[in-house]
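Understanding the architecture of this molecule
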Amino acid sequence: MDSSVQHQPRIAFDAARILVDVSVADAGLFAWYCDQVAALLGPTYRRDLLATRKELATSQRLNARDVEGGKWRVRLEDVLRTRPEVGEGLHQLTLAARVRLPRIG
């Protein structure tokens, strides 16, 4: 039995940040991530990830990444409140995606 306590707002925040980073990454990493998110949260999330990727690729706004990250943080917090059983899976996906992202700087 896992006795660790999950801090849902932190899981959502970290996941949203990685989601935005993956949304501007190469197509292979993005496709892998979409598959993982869809398997964990459902197929509508794949569609919404594609919309985020398009928004980030085409937006002229300087704060587009922050806006998209904020929208996803709220959405993921809502999911974690209604479906707390996905918290560990989302946390593990975030860690796996972080490892796969290319190092910058």
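Placed above this text is the structure.
All values derive from a computational prediction rather than experimental measurement.

This paragraph deals with the packing of aromatic side chains. To describe a pair of aromatic rings, you give the distance between the ring centres and the angle between the ring planes. Counting across every chain of the model gives two aromatic pairs. The interplanar angle of 50 degrees and the centroid separation of 6.3 Å between the aromatic rings of Trp32 and Tyr33 together place this pair among those described as tilted. The exposure class assigned to Trp32 is buried, which follows from its relative accessible area of 19%. Seen from their ring centres, Tyr45 and Trp72 are 6.2 Å apart, and the 45 degrees between their planes marks the pair as tilted. Residue Tyr45 is found in helix α3 (residues 44–58), and its partner Trp72 is found in helix α4 (residues 64–82); the two are separated by 27 residues along the sequence. Look at Tyr45 and you get buried, because its relative accessible area is 9%.

What follows is about the side chain of Thr94. Of note, Thr94 is situated in helix α5 (residues 87–100). By relative accessible area, which is 3% here, Thr94 ends up buried. Of the polar contacts made by the side chain of Thr94, one reaches the backbone oxygen of Leu90; its length is 2.9 Å. Setting aside residues no more than four positions away along its own chain, Thr94 makes contact with Asp14, Ala15 and Ile18.

Rules and cut-offs
- Residues numbered from 1 in each chain as written.
- Predicted model: local features only at pLDDT ≥ 70, side-chain atom pairs only at ≥ 80, totals over all residues.
- Heavy atoms only, no water.
- Phe/Tyr/Trp six-rings, centres within 6.5 Å; stacked < 30°, edge-to-face > 60°.
- Buried < 20%, exposed > 50% of the residue type's maximum accessible area, 1.4 Å probe, protein only.
- Helix = DSSP H or I, 4+ residues; strand = E, 2+ residues; numbered from the N terminus.
- Polar contact = N/O pair within 3.5 Å; in protein donor to acceptor, adjacent residues only side chain to side chain.
- Contact = heavy atoms within 4.5 Å.

Purely geometric numbers; function is a separate question.
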